[in-house]
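Structural overview for review
In case you want the letters, here they are:
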Amino acid sequence: MSDKTLISPSILSADFADLGAEIRAIDAAGADMIHIDVMDGHYVPNLTIGPMVVKALKPHTKKPFDVHLMIAPVDPLIGAFIDAGADIVSVHPDSGPHLHRTLQAIKAGGAKAGLVLNPGTHPNVVDPVIDQLDMILVMSVNPGFGGQSFIMSQLDKITTLAEKIKHSGRDIILEVDGGVNPITSKQCIDAGATALVAGSAVFKGKGSYADNIAALRHPIPAPRAV
Ligand code: DX5
Ligand code: ZN
């Protein structure tokens, strides 16, 4: 478990005409991971990045590629994203017919496995597969677009999931994605998040990338007494 909150800027809000330079810039600015939003125009109403682009971007940083797959069916493309350089592959439970098999395929390919919960997804979806997970990704907006407002009802879900992770005894990253800014980031960290995705707040914030990333970091609260 990291002693600091991991910041994973989403390149969805970067300059798509110059993605290599954008990745080098956020690496130098202190990003811990690179969040890559893969959308298929089907599972979500937007179309973004495929494995060829991920492969082209890989040499631009040594930071882990945190690849968020919003595609269905997801199974046929998992191998291609791992081959392209995905270090963590996160999938939605409704993006393939057999979640357990999908997670097995990610691990068999040598990547870390993440499970993504939409705002309308119950936290108990993690229970049958928690032994396979390296990351739980809580969507605090509905997936498909950057620049949406944080849905406050997801804070309780973050707390619930933090407790499930603690109970599992496993080292699982608890990441939050959507509408994360310097204010909501503190609420997420206080609720138990250990990693934050931010697109607009990093790439379209008012400061430098380094300042924008630093503004998302807050002290991790001391464990609550039981
Ligand atoms: C939405 C994506 C997010 C998005 C976040 O479907 O999963 O990663 O890029 O963008 P912001 O930080 O602008 O809400
Ligand atoms: Zn994402």
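You'll find the structure just up there.
Presented here is an overview of the structure given in this document. (Residues numbered from 1 in each chain as written. Chains lettered and ligands numbered in written order. Predicted model: local features only at pLDDT ≥ 70, side-chain atom pairs only at ≥ 80, totals over all residues. Heavy atoms only, no water.)

**Points about the site of ligand 1**
Applied cut-off: For this description, a residue counts as near a given molecule or strand if any of its non-hydrogen atoms is within 4 Å of it. We call two N or O atoms a polar contact when they sit within 3.5 Å, provided that within protein one can donate a hydrogen and the other can accept it, with sequence-adjacent residues counted only if both atoms are side-chain atoms. Accessible areas in this description were obtained via Shrake-Rupley with a 1.4 Å probe; residue shielding takes into account the shown protein chains only. Residues are said to line a cavity or pocket when one of their atoms sits within 4 Å of a point; the points come from a 1 Å grid over protein atoms alone, cavities being sets where a 1.4 Å probe fits but cannot get out and pockets being open sets with protein on both sides within 12 Å along at least five of seven lines. Here the criterion for a molecule occupying a pocket or cavity is that more than half of its atoms lie within 2 Å of the pocket grid points. Segments assigned H or I by DSSP are reported as helices when at least four residues long, segments assigned E as strands when at least two residues long, and all are numbered from the N terminus. The nonpolar class holds Ala, Val, Leu, Ile, Met, Phe, Trp, Tyr, Cys and Pro. Asp, Glu, Lys and Arg form the charged class, and all remaining residues, Gly among them, are polar.
As a matter of local geometry, ligand 1 sits amid 20 residues, with Asp37, Gly144, Asp177, Gly199 and Ser200 nearest to it. Between ligand 1 and His68, the relevant distance is 3.3 Å, taken from an oxygen atom to a side-chain nitrogen or oxygen of the residue. Separating an oxygen atom of ligand 1 from a side-chain N or O atom of Ser200 is a distance of 2.4 Å. Relative to its free-state accessible area of 380 Å², ligand 1 is covered by the protein chains to the extent of 99%. When each cavity is represented as a set of grid points, ligand 1 is found to reside in the second largest pocket. Mapped by element, the contributors of at least two residues to the shell around ligand 1 are β2 (34-39), β3 (65-70) and β8 (195-198). By residue number, the principal contributor to the shell around ligand 1 is β2, which donates 3 residues. Of the residues in the shell around ligand 1, the class split is 8 nonpolar, 10 polar and 2 charged.

**What about the coordination of the zinc ion (ligand 2)?**
We apply this condition: The donor set comprises N, O and S atoms within 2.8 Å of the metal, extended to 3.2 Å for Na, K and Ca; water molecules are omitted, so apparent gaps in a site may simply reflect that omission. Labels for metal geometry use angle windows, namely 85 to 135 degrees for all angles of a four-donor tetrahedral site, and for square planar (four donors) or octahedral (six donors) sites opposite donors over 155 degrees apart plus all others within 65 to 115; sites meeting none of these are irregular. Burial here depends on accessible area, computed with a 1.4 Å probe over protein chains only, as a share of the maximum for the residue type. Under 20% is buried, over 50% is exposed, and the range in between is partly exposed.
Taken together, His35 (NE2), Asp37 (OD), His68 (ND1) and Asp177 (OD) make up the protein donors of the zinc ion (ligand 2), found 2.0 to 2.3 Å from the metal. Because the angles between the 6 donor atoms bound to the zinc ion (ligand 2) fall within 68 to 168°, the donor set is best described as octahedral. Read in sequence order, the donor residues coordinating the zinc ion (ligand 2) give the pattern H-x1-D-x30-H-x108-D. A residue pair is termed long-range when its members are at least 10 positions apart, and His68 in strand β3 and Asp177 in strand β7 (residues 173-177) qualify at 109 residues. A single burial state applies to His68 and to Asp177, both of which are buried.

**So, the pairing of strand β4 (residues 88-91)**
Note the following rule: Two strands are counted as paired when DSSP detects at least two bridges linking them. When the strands point away from the viewer and the path from the first strand over the helix to the second turns clockwise, the crossover is right-handed.
Alternating positions in β4 separate into two faces, Ile88 and Ser90 on one and Val89 and Val91 on the other, with burial throughout. Sheet topology note: the β3/β4 ladder contains 4 bridges and is parallel. Each bridged residue has a counterpart across the sheet, and for Leu69 the counterpart in β4 is Val91. Taken together, β3, helix α3 (residues 75-84) and β4 constitute a β-α-β crossover, and its handedness is right-handed. Pairing analysis gives 4 bridges linking β4 to strand β5 (residues 112-117), with the strands arranged parallel. From the neighbouring strand, Val89 faces β5, where its bridge partner is Ala113.

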